[in-house]
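# Summary of the model geometry
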Amino acid sequence: SRRRHTRYISVTGVQTCALPIFQLDNRGLAHGPVKIGAMIEVPAAALSLPLFLRHFDFLSIGTNDLIQYTLAIDRTDESVAHLYDPLHPAVLRLVADTIRSGQQAGKSISVCGEMAGDPQLTRLLLGLGLRSFSMHPTQILAVKQEVLRADTSKLTNWAQQVIEAEDPSQLI
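Residues numbered from 1 in each chain as written. Predicted model: local features only at pLDDT ≥ 70, side-chain atom pairs only at ≥ 80, totals over all residues. Heavy atoms only, no water.

From N to C terminus, the protein chain includes 8 helices and 5 strands. In sequence order, the protein chain lays out its α and β elements as β-α-β-α-α-β-α-α-β-α-β-α-α. Counting only residues that meet the buried cut, the protein chain has 41% of its 172 residues in that class. Partitioning the contacts of the protein chain with sequence separation of at least 6, the portion at a separation of at least 24 is 57%. Taken as a whole, the protein chain presents about 9700 Å² of accessible surface, with 51% of it coming from carbon and sulfur. (Helix = DSSP H or I, 4+ residues; strand = E, 2+ residues; numbered from the N terminus. Buried < 20%, exposed > 50% of the residue type's maximum accessible area, 1.4 Å probe, protein only. Contact = heavy atoms within 4.5 Å. Areas by Shrake-Rupley, 256 points an atom, 1.4 Å probe, with all protein chains shown as cover.)

Put into structure tokens, the structure is as follows:
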């Protein structure tokens, strides 16, 4: 029977984007249309969005790694972990630009990682246009409550102010 497969691929180049289809065909597995997505986890990927958007059907922003690699901070190293900051202006700009570029290209964008499951950041992500969150199941209720309370039509201008702020944490 024909099955639909969705696959995330973490790549820094797009040469591997046909690999899942090739693997299915090579194994003789029947399949329908295969949607191929990319994880945006490193600044190089976030800064290469036009290339990614031409070759992938959807994108997912992996915020944990994106923050770590953007700020050059190992979040597992206790001596610098306190510098790990999802509200750093560089991180927010990469996230905002990825969401906006994906929307303009008609591609679905999701966010996974700690930012997606942080209820304090839900309104900001909604204001940036995000509509797909991926998080640990224990975080769903709190984030869902924020989503249900939010008036997204009023969040866009505020989210832009946060992105442009020198200290975004003051506006959250």
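Taken over all residues, the pLDDT of the protein chain has a mean of 89, while the share at 70 or more is 89%. Strand β1 (residues 6-9) is the least confidently modelled element of the protein chain, averaging 45 in pLDDT, while helix α6 (residues 119-127) averages 98, the highest of any element. Confidence drops under a pLDDT of 50 for residues 1-13, and excluding neighbours within four residues, the segment shows 42 contacts in the predicted structure. (pLDDT = per-residue confidence, 0-100.)

With their axes 10 Å apart at the nearest point, helix α4 (residues 63-71) and helix α5 (residues 89-104) run at an angle of 130 degrees to one another. Between α4 and α5, the angle falls in the class oblique. As for how α4 packs across α5, the hand of that crossing is right-handed. Contact residues: α4 offers Leu66, Ile67, Thr70 and Leu71, while α5 offers Ala90, Val91, Leu94 and Val95. (Axes fitted to C-alpha atoms, helices over the stretch in contact; angles between N-to-C directions. Parallel < 35°, antiparallel > 145°, perpendicular 65-115°, else oblique. Left-handed = near helix turned anticlockwise from the far one by under 90°.)

We now examine the nonpolar core. In this structure, Leu59, Val95, Met115, Leu124 and Leu128 are the most contacted members of the largest nonpolar core, which totals 40 residues. The residues contacting leucine 128, other than those within four sequence positions of it, are Val95, Ala96, Ile99, Gln103, Ala159 and Ile163. (Core = buried A, V, L, I, M, F, W, Y, C linked by side-chain atoms within 4.5 Å.)

Bringing the pattern of salt bridges into the picture now. Per the counting criterion, the structure on display carries 4 salt bridges. Of the charged contacts in the structure, one is a salt bridge between aspartate 97 and arginine 100, with a shortest N-O distance of 2.8 Å. A residue pair is termed a helical-turn pair when its members lie 3 or 4 positions apart in one helix, as aspartate 97 and arginine 100 do in helix α5 at 3 residues. Here aspartate 151 ties to lysine 154 by a salt bridge, and the two come within 3.8 Å at their closest N and O atoms. Taking the relative accessible area as the measure of exposure, aspartate 151 reaches 35% and is therefore partly exposed. (Salt bridge = Lys/Arg side-chain N within 4 Å of Asp/Glu carboxyl O.)

A separate point is the packing of aromatic side chains. All chains considered together, the criterion is met by 1 aromatic pair. Here phenylalanine 52 and phenylalanine 56 contribute two aromatic rings whose centre-to-centre distance is 5.6 Å and whose plane-to-plane angle is 25 degrees, an arrangement assigned as stacked. We classify phenylalanine 56 as buried; its relative accessible area is 1%. (Phe/Tyr/Trp six-rings, centres within 6.5 Å; stacked < 30°, edge-to-face > 60°.)

For glutamate 146, the position within the fold is in helix α7 (residues 140-149). Classification of glutamate 146 by relative accessible area gives buried; the value is 19%. Setting aside residues no more than four positions away along its own chain, glutamate 146 makes contact with Pro119, Thr122 and Arg123.

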